[in-house]
Amino acid sequence: EKGGFDWFMRKEIYEQPKAVADTLLGRHTDDGALTLDEIRISETELRNIAKIIIIAAGTSFYAGMVAKYAIEHWCRVPCEVELASEFRYRDPIVGPTTLVVAISQSGETADTLMAIRHAREQHARVLAICNTNGSTIPRESDAVIYTHAGPEIGVASTKGFTTQLAACYLLGLYLAQVKGTMYGDEIHAVVKELESLPPLMQQVLDNAQPVLDLAARLVDQPSVLFLGRHVGYPVALEGALKLKEIAYLHAEGFAAGELKHGPIAIIEPGMPVFVVVPPRGRDQLHDKVISNIQEIRARGARPIAIAEADDATVEEFSTTVIRLPKVSTILQPLVAVIPLQLFACELATVLGHDVDQPRNLAKSVTVE
Ligand code: M6R
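Residues numbered from 1 in each chain as written. Predicted model: local features only at pLDDT ≥ 70, side-chain atom pairs only at ≥ 80, totals over all residues. Heavy atoms only, no water.

- As recorded in an unreviewed UniProt entry, the chain goes by the name Glutamine--fructose-6-phosphate aminotransferase [isomerizing], listed as coming from Raineyella fluvialis.
- As stated in UniProt under Catalytic activity (unreviewed entry), the record for the chain gives "D-fructose 6-phosphate + L-glutamine = D-glucosamine 6-phosphate + L-glutamate". (UniProt positions renumbered as here; feature names shortened; annotations may be inferred.)

**Some thoughts on helix α6 (residues 110-121)**
Phase 1: Its 12 residues give α6 an end-to-end C-alpha distance of 16 Å, which sits within 8% of 16 Å, the value for a rise of 1.5 Å per residue.
Phase 2: Listed as buried for α6 are A110, D111, T112, L113, A115, I116, H118 and A119.
Phase 3: Taken together, the buried residues of α6 touch β1 (51-56), α5 (84-87), β3 (98-104), β4 (125-130) and α7 (136-139).
Phase 4: In the stretch just after α6, H123 is the one whose phi turns positive, near 70°. (Helix = DSSP H or I, 4+ residues; strand = E, 2+ residues; numbered from the N terminus. Expected span 1.5 Å × (residues − 1). Buried < 20%, exposed > 50% of the residue type's maximum accessible area, 1.4 Å probe, protein only. Contact = heavy atoms within 4.5 Å.)

**Comments concerning the packing of helix α9 (residues 184-195) against helix α10 (residues 197-206)**
Phase 1: Direction vectors running N to C along α9 and α10 enclose 35°, while the axes themselves pass 5 Å from each other. Between α9, through E193, L194 and E195, and α10, the contact on the second element is made entirely by L197, P198 and P199.
Phase 2: Taken together, the residues that form the contact of α9 with α10 break down as 4 nonpolar, no polar and 2 charged. (Axes fitted to C-alpha atoms, helices over the stretch in contact; angles between N-to-C directions. Nonpolar A, V, L, I, M, F, W, Y, C, P; charged D, E, K, R; others polar.)

**Here we look at the site of the ligand**
Phase 1: Taken together, 14 residues surround the ligand, and among them S60, S104, S106, T109 and E245 come closest.
Phase 2: In the environment of the ligand, an oxygen atom lies 2.7 Å from a nitrogen or oxygen atom belonging to the backbone of Q105.
Phase 3: For the ligand, a nitrogen atom lies 3.1 Å from a polar atom in the backbone of V155.
Phase 4: Burial of the ligand by the protein chains amounts to 91% of its free accessible area of 410 Å².
Phase 5: Given that more than half its atoms are within 2 Å of the pocket grid, the ligand belongs to the largest pocket.
Phase 6: Taken together, the elements giving at least two residues each to the shell around the ligand come down to α4 (58-75) and α12 (232-247).
Phase 7: Residues that form the shell around the ligand fall into these classes: 4 nonpolar, 8 polar and 2 charged. (Near = heavy atom within 4 Å. Polar contact = N/O pair within 3.5 Å; in protein donor to acceptor, adjacent residues only side chain to side chain. Areas by Shrake-Rupley, 256 points an atom, 1.4 Å probe, with all protein chains shown as cover. 1 Å grid on protein atoms, 1.4 Å probe; cavity = no way out; pocket = protein on both sides within 12 Å on 5 of 7 lines; lining within 4 Å. Sits in = over half its atoms within 2 Å of the grid points.)

**Observations regarding the sheet that holds strand β6 (residues 223-228)**
Phase 1: Read across the sheet, 5 strands follow the order β7-β6-β8-β9-β10 without closing on themselves; strand pairing throughout is parallel. Single-partner strands in this sheet number two, and they are β7 (250-255) and β10 (320-324). Adjacent strand axes in the sheet meet at a mean angle of 20°, parallel and antiparallel pairs treated alike.
Phase 2: In this structure, strand β9 (residues 302-308) lies alongside β10, joined through 5 bridges in parallel fashion. Looking at β10, one finds that A305 is bridged to V321.
Phase 3: Relative to strand β8 (residues 272-276), helix α13 (residues 285-298) is tilted by about 175°, and along the sheet it contacts β6, β8 and β9. (Pairing = 2+ DSSP bridges.)

**Considerations on empty space enclosed by the protein**
Phase 1: Evaluation of the coordinates by the stated rule reveals 2 cavities of 30 Å³ or more.
Phase 2: Empty space within the largest cavity amounts to approximately 40 Å³.
Phase 3: Forming the walls of the largest cavity are R229, H230, V231, G232, V276, V277, P278, P279, T329 and Q332.
Phase 4: Class assignment of the residues belonging to the lining of the largest cavity gives a composition of 5 nonpolar, 4 polar and 1 charged.
Phase 5: For the second largest cavity, the calculated volume is near 30 Å³. (Points joined across faces, edges and corners; volume = space filled by probe spheres on them.)

**Concerning the nonpolar core**
The nonpolar side chains of soluble globular proteins are, as a tendency, buried together.
Phase 1: Grouped together as the largest cluster of nonpolar side chains are 98 residues, with contacts concentrated most on I52, W74 and L243.
Phase 2: Ranked by residues supplied to this core, first place goes to helix α8 (residues 159-179) with 13 residues.
Phase 3: Those residues in contact with L243 that sit more than four places away from it in its chain are V224, F226, Y248, L249, A251, F343, A344 and L347.
Phase 4: In terms of nonpolar packing, the next biggest core, distinct from the first, is built from 19 residues, L225, A256, I267 and V277 among them. (Core = buried A, V, L, I, M, F, W, Y, C linked by side-chain atoms within 4.5 Å.)

**Digging into the pairing of β9**
Phase 1: By the criterion of burial, β9 is predominantly enclosed, with 6 of the 7 residues buried.
Phase 2: Alignment of β8 against β9, held across 5 bridges, turns out to be parallel. When the sheet's bridge partners are listed, F274 is paired in β9 with I304.
Phase 3: In this fold, the crossover linking β8 to β9 by way of α13 has right-handed handedness. (Right-handed = clockwise from strand over helix to strand, strands pointing away.)

**Side note on the environment of P17**
Phase 1: Here P17 is to be found in helix α2 (residues 16-24).
Phase 2: For P17, a relative accessible area of 8% puts it in the buried group.
Phase 3: Considering only alpha carbons, one finds P17 and Q203, 186 residues apart in sequence, at a separation of 9.6 Å.

**Digging into the confidence of the model for the chain**
Phase 1: Across the chain, the average pLDDT comes to 95, with 99% of residues at 70 or higher.
Phase 2: ipTM for the predicted complex: 0.99, alongside a pTM of 0.97. (pLDDT = per-residue confidence, 0-100.)

**Observations regarding the packing of aromatic side chains**
Phase 1: Counted under the stated rule, the structure contains 5 aromatic pairs.
Phase 2: Of the aromatic side chains, those joined through ring pairs into one cluster are F226, F274 and F343.
Phase 3: The residue whose ring lies beneath R359 is Y248, and the NZ or CZ to ring-centre distance is 3.8 Å. (Phe/Tyr/Trp six-rings, centres within 6.5 Å; stacked < 30°, edge-to-face > 60°. Lys NZ or Arg CZ within 6 Å of the ring centre and 35° of its normal.)

Structure representation (C-alpha cells):
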C-alpha cells in the first residue's frame, strides 16, 4: 500500500505530479475556455461578487494565501484570507455579494465547517475546494471544485496542498474569464503553463538528493527558519509547518521583507535559513530577496536558497542551493514547496519519528 516507500507521506509527495495533472484534467474546452462544471453559482452572480473571503486552516490556509495573490492579480476583486477558527468570532462583513471560498482537504474540519455555516447565514455564496467526495463541507456549499489527489493518509498534508493550489489557480482564471478581466488568450497561456507543471514537479522530485543530504547534515539543529516573499511567503510558512508537525522542531516562516522589522534579531551563527527565491522578473522582488540572503550570511547563518535553475546570483552568499525549474512567479509554489516537504519528511525520518502519525495530531480536526 505504501508502494515501496517508507511512509505514506513520502509516497504522497511523489504522487504530486499525477495528483496535480488529475486536478487540472478536463477543465477547459479546445479553444481554451475554462469550464468548471461543479460551479452551481450563475455567471451573473459571479460577476456581481464584490469581495472574496477565503477560509481554511493549517496547510489549506497557506494554499488560500497563494490564491489571494493569484485572484487579486487576475480578477481585480478584493480577496481576504482568514483562518477558519477566527472568522465567525469577529463579526465579519459578509453578504449576498460575498463569495466565501472554503479550502479543506478532508471536508470535515470543524473550524471551516462552522465558518461556512456562519457565512451562509449571512447570505454569502460558498464555494468549497475539497479533496473528499461527499464530505460535509462540499455538501453544505453552493459549489465545489474537487481536487483529485486521491486519499491522503499522512497527517502532514502534501499532495493535498499542491492540488489545492491547482484548484485555486483554476478558480482565479475562471473568475477572470467570467468577469472579463483577462483576455481569452492570456487565460489560455496560463492554463497551458499550469498543464506543463506536472513534469517540472517530477524533475524536482528526480533531483531531490541534495535536499535529502541536507536533512542528514542538519539533524542537530534546534531551530530552522524559512523566508519567502510574495507567493514564496506562504510556501515558507508551509515549510515551517511541515517541520513542526513531523520533526517536532522549532521552525518559523517569515515574509522576507519583515526580516529587518524584527526577526533578524534571532538569526544566529550556523542557523539554517531556507529562502524561497522568486524567479528573476521585471519587478524587484528577486533582488530584494538576494539582499536578504546577504544579510543572513553576514550574521553567520546558513542560507539555503531555493532558486530557479540558472540563477547564479544566489550562489555567492548561500551555503546550499536547491534548484527549481523555471516557472512564472505566481505558479512557483507548485514546485518550490516540494523540496521543503522532502526536507521535513527526511529530517523526521532521520530523527526516528513516526512521520505518518505525528504525536498530538489527527488527520482531520473535527472539533473546534
Ligand atoms: O482537511 P483540511 O484541509 O481542512 O485540514 C486543515 C488542517 O487541519 C491541515 O491542513 C493541517 O494543518 C495538516 N496537518 C497540515 O499538514
